[in-house]
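# Analysis of the macromolecular model
Letter by letter, the chains look like this.
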Amino acid sequence: GRGYEQWAKIHNLKQAAKTLSVYQEYGFSSPEELDAALTAAYAEFDTLSEELKKLEHTISGKKELLRQVLAYAKTKPVREGLKKIKSEKARAAYRERNESDFIIADAAARYFKARGITKLPSRKKLQTGLEQLIAQYNERYNVYREKKERVKELQTVKRNIDQMLRRNEPQRGRRQDLDR
């Protein structure tokens, strides 16, 4: 209806004004400059995204290592208890009673061996390193969000500018419909 048409006209004018304001705010003088800025912003965003993925991978690896170190340390009293037992029959009975702890310890030992870890890192150092990585990730993620917003804003401006430039061209489809 007419009310919707009026609202759409006003909305489109507001969007055009907002677009031109942002366009001038960034200091663009041509659509080509806008395209170049959008390409550069997207490249920065993409690079930052790759960095975040690498950090996530590193963090998950550190978390897994810390989990294995903690599991191995938790089973130390049981493993030490086995060393104290001399008789083979008593050793077998002890191992059977504490089978779950030995399975956990063996899994952790396989994990360390697969990664070539001969000396276990300290839990405090691992925890400190993990906290530093997480802090670095959070900082990078904040920058990532800013870059993402900038790319989104530039894409919107580009789309609106393209629409405004096309509006100045004759609208062929509508004219043809009216002529028929």
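Reading the values: the criteria
- Residues numbered from 1 in each chain as written.
- Predicted model: local features only at pLDDT ≥ 70, side-chain atom pairs only at ≥ 80, totals over all residues.
- Heavy atoms only, no water.
- Phe/Tyr/Trp six-rings, centres within 6.5 Å; stacked < 30°, edge-to-face > 60°.
- Lys NZ or Arg CZ within 6 Å of the ring centre and 35° of its normal.
- Helix = DSSP H or I, 4+ residues; strand = E, 2+ residues; numbered from the N terminus.
- Expected span 1.5 Å × (residues − 1).
- Buried < 20%, exposed > 50% of the residue type's maximum accessible area, 1.4 Å probe, protein only.
- Contact = heavy atoms within 4.5 Å.
- Core = buried A, V, L, I, M, F, W, Y, C linked by side-chain atoms within 4.5 Å.
- Salt bridge = Lys/Arg side-chain N within 4 Å of Asp/Glu carboxyl O.
- Axes fitted to C-alpha atoms, helices over the stretch in contact; angles between N-to-C directions.
- Parallel < 35°, antiparallel > 145°, perpendicular 65-115°, else oblique.
- Left-handed = near helix turned anticlockwise from the far one by under 90°.
- Nonpolar A, V, L, I, M, F, W, Y, C, P; charged D, E, K, R; others polar.

## A short note on the packing of aromatic side chains
- Under the defined criterion, the tally for this structure stands at 10 aromatic pairs.
- Seen from their ring centres, Y26 and F28 are 5.8 Å apart, and the 40° between their planes marks the pair as tilted.
- Three or more aromatic residues joined by ring pairs form one cluster here, namely Y42, F45, Y137, Y141 and Y144.
- For R79, the ring lying beneath its charged end belongs to Y72, and the centroid distance is 3.8 Å.
- We note R95 situated over the ring of F102; from NZ or CZ to the ring centre the distance is 4.5 Å.

## Focus on helix α5 (residues 99-114)
- Between its first and last C-alpha, α5 extends 22 Å over 16 residues, near the 22 Å set by a 1.5 Å rise per residue.
- Inspection of α5 places F102, A105, A108, Y111 and F112 among the buried residues, and these make up the whole buried set.
- In the core, the buried residues of α5 are packed alongside α2 (31-74), α3 (76-84) and α4 (88-97).
- Phi for G116, located one or two positions after α5, is positive at around 75°.

## Quick look at the nonpolar core
- Grouped together as the largest cluster of nonpolar side chains are 29 residues, with contacts concentrated most on L34 and L154.
- Looking at this core, the elements with two or more residues in it are α1 (2-25), α2, α5 and α6 (123-167).
- Among the elements that make up this core, the one with the highest residue count is α2 (12 residues).
- Look past the residues within four positions of L34 in its chain and what remains in contact with it is Y23, F28, L154, V157, K158 and I161.

## Some words on the pattern of salt bridges
- Scanning all chains against the criterion turns up 7 salt bridges.
- Residue K158 pairs with D35 through a salt bridge whose shortest N-O separation is 3.0 Å. Note that K158 is positioned in helix α6 and D35 in helix α2, a separation of 123 residues in sequence.
- The partly exposed category is assigned to K158, whose relative accessible area is 24%.
- Judged by relative accessible area, D35 falls into the partly exposed class, the value being 31%.
- Put simply, D35, K158 and D162 are held in one network by salt bridges that share partners.

## Comments concerning the side chain of Q68
- With respect to the secondary-structure elements, Q68 resides in helix α2.
- Excluding residues that lie within four positions of it along the chain, Q68 makes contacts with A107, A108, Y111 and F112.

## Considering the packing of α2 against α5
- With their axes 9 Å apart at the nearest point, α2 and α5 run at an angle of 140° to one another. Here α2 lies oblique to α5, going by the angle between them. The handedness of the crossing between α2 and α5 is left-handed. Residues G61, E64, L65, Q68, V69, A71 and Y72 of α2 lie in contact with α5, whose contacting residues are I104, A105, A107, A108, A109, Y111 and F112.
- Residue composition of the contact of α2 with α5, grouped by class: 11 nonpolar, 2 polar and 1 charged.

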